[in-house]
Amino acid sequence: MIRLFKHYIPHAVLLLGLVDALLLFTAAEMGWVIRAHQIGMAVESITTRIPQLLSFVAALQISLVAVGAYGVASFLSLRFAAARLAVAIALGVTFLALIFFLVPALTFWRSNLLYSMVIASVLLVAVRALLNRSLGGDTFKRRIVVLGAGARAARIGALADLPGVNVVVAGYVAMAEANPVVADAVPREQIPNLAAHVVDLNASEVVLALEERRNALPLKDLLRVKTTGVMVSEISSFLERETGRIDLNSVNPSWLIFSDGFASGRMLSSVFKRAFDIVASLLLLVLTLPVILVTAVAIKLESRGPAFYRQRRVGLYNQGFDIVKLRSMRQDAEVAGKAVWAAEDDPRITRIGRFIRKVRIDELPQTWTVLKGEMSFVGPRPERPQFVEQLEQHLPFYAERHMVKPGITGWAQINYPYGASIEDSRHKLEYDLYYAKNYSPFLDLLILLQTLRVVLWPSGAR
């Protein structure tokens, strides 16, 4: 993987993204040239239309990211990839129309655009048909050797067996664990030279997955492996990189303290984030006000009670604040104000409420909370005080998620279905900790784009 702005991107994804950019540029130029020949216009040097070509590439590439065209499933199924590409093309056309309206100098002729879109569609599908098997196979996967044969080592093996994972286990080395569970692990005493063994397996990384590290850390072995040029990783860092979350089963306080992340020197990023929140919330409030008002009227017509409701949440530094949402449940959804977890097909949800939850319309009034500065567009979802008190008792490091400002959407929301239990909250906390640890404007942008995928393909929205 390549670390870009503190976020890990698989080599296969980066390569496919670069190939797509080149193909989109080619499609834009071909569409221009074909149309010029049709109307008998002389084709000038390509340098005279670079801005128009780049606007086409940028709009389509952003759309591909937004619909999840670089997700795991796209590498495993051509049908899935083609469906996402079709949506991306449609979205790209809309995006280009907006660009051309705002900046007419970047305008493609509509006929040029038609040719370019058709050519782009053919090229993007063709390259996936040709490359997806190799991109999704072992060619770009990192070969690792796992030091350990216990439950932690077995977890790495189970992860490596999942489709779309970017590593393959070249071998296990049993380090005299009391209860080994990996049957094919080679005992350390049978390996004369561990560094040579790792090199012979053509591994580029060794992952330390010992059950007990006290008085068992093989420092001499790790030093020799490191000096051969092979990367050495601790299991918590390895899982963070490969899964995009902080694994609560392996992490400990010392790792969180001494590992890279949670940088305090990000004042400029915070200023940029707040400026974006102010501008975007003002714009979104103006644009969505008619939708909010129409929805409010529909809610009032369907069921008794107010169209809007306030709910107490826990925000930055454990400070309480109120969020405003469009009501999607019956007025008597919570008896005596007692907080209740939402459930799948929750009978308390109204017909209008079910629709507005799926398309996230109920969240739109929260832009006012963003404008006030109590929330951001991107961050961990704020929970209710009753749930926070319960979760802090059951989940380690839960309080740390309150060290960043809560958001309307977040890393957990685009990677994990809606949480309606303590176990769901545990998984979402792992993603929230990853976001808090690796925050950057780049990650915020990625989350905002990927939120569109969640809206288009709502799964578990409640």
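Residues numbered from 1 in each chain as written. Predicted model: local features only at pLDDT ≥ 70, side-chain atom pairs only at ≥ 80, totals over all residues. Heavy atoms only, no water.

Now for the overall build of the protein. Scanning the protein from terminus to terminus reveals 17 helices and eleven strands. Seen along its three principal axes, the alpha-carbon backbone of the protein occupies a region of about 75 × 70 × 40 Å. When each of the 462 residues of the protein is scored for burial, the buried share is 47%. In the protein, once contacts between residues fewer than 6 apart in sequence are set aside, the share between residues at least 24 apart is 74%. Of the roughly 23000 Å² of accessible surface on the protein, 64% is carried by carbon and sulfur atoms. Considering the protein, the positive charge centre built from 50 side chains and the negative charge centre built from 38 side chains are found 6 Å apart. (Helix = DSSP H or I, 4+ residues; strand = E, 2+ residues; numbered from the N terminus. Buried < 20%, exposed > 50% of the residue type's maximum accessible area, 1.4 Å probe, protein only. Contact = heavy atoms within 4.5 Å. Areas by Shrake-Rupley, 256 points an atom, 1.4 Å probe, with all protein chains shown as cover. Lys, Arg positive; Asp, Glu negative; His and termini not counted. Charge placed at Lys NZ, Arg CZ, Asp CG, Glu CD.)

As a further point, take the nonpolar core. Membership of the largest hydrophobic core comes to 34 residues, with the highest contact counts inside it found for Leu-24, Phe-56, Leu-60, Leu-64, Leu-96 and Phe-108. Those elements that provide at least two residues to this core are α1 (11-38), α2 (50-66), α4 (78-102) and α5 (110-135). Looking at this core element by element, the count peaks at eight residues for α1. Non-local contacts of Leu-96, meaning those with residues more than four positions away in its chain, are made with Ser-55, Phe-56, Ala-59, Leu-60, Leu-113 and Met-117. (Core = buried A, V, L, I, M, F, W, Y, C linked by side-chain atoms within 4.5 Å.)

Here we take up the pattern of salt bridges. Per the counting criterion, the structure on display carries 19 salt bridges. Between Lys-437 and Glu-240 there is a salt bridge, with its nearest N and O atoms 3.1 Å apart. With a gap of 197 residues between them, Lys-437 in helix α16 (residues 422-438) and Glu-240 in helix α9 (residues 235-243) connect regions that are remote in the sequence. The exposure classification of Lys-437 matches that of Glu-240, with both residues buried. A salt bridge links Glu-302 to Arg-351, with the nearest nitrogen and oxygen atoms 3.4 Å apart. Of this pair, Glu-302 sits in helix α11 (residues 267-302) while Arg-351 sits in helix α12 (residues 351-358), and the two are 49 residues apart along the sequence. Accessibility expressed as a relative area gives 27% for Glu-302, which makes it partly exposed. Judged by relative accessible area, which is 71%, Arg-351 ranks as exposed. One connected set of salt bridges, linked through shared partners, spans Arg-142, Glu-205, Arg-241 and Glu-242. (Salt bridge = Lys/Arg side-chain N within 4 Å of Asp/Glu carboxyl O.)

What follows deals with the sheet that holds strand β6 (residues 205-208). On the basis of which strands lie adjacent, the open sheet formed by five strands has the order β5-β4-β3-β6-β7 and parallel pairing. Taken across any chain shown, the strands that pair with only one partner, and hence form the sheet edges, are β5 (186-187) and β7 (231-234). In terms of strand pairing, β6 meets β7 through four bridges, oriented parallel. Within the sheet, the bridge partner assigned to Glu-205 lies in β7 and is Met-231. Contacts from helix α8 (residues 219-227) reach β3 (142-147), β6 and β7, with the element oriented near 135 degrees to β7. (Pairing = 2+ DSSP bridges. Axes fitted to C-alpha atoms, helices over the stretch in contact; angles between N-to-C directions.)

None of the figures reported here should be taken as evidence of function without further support.
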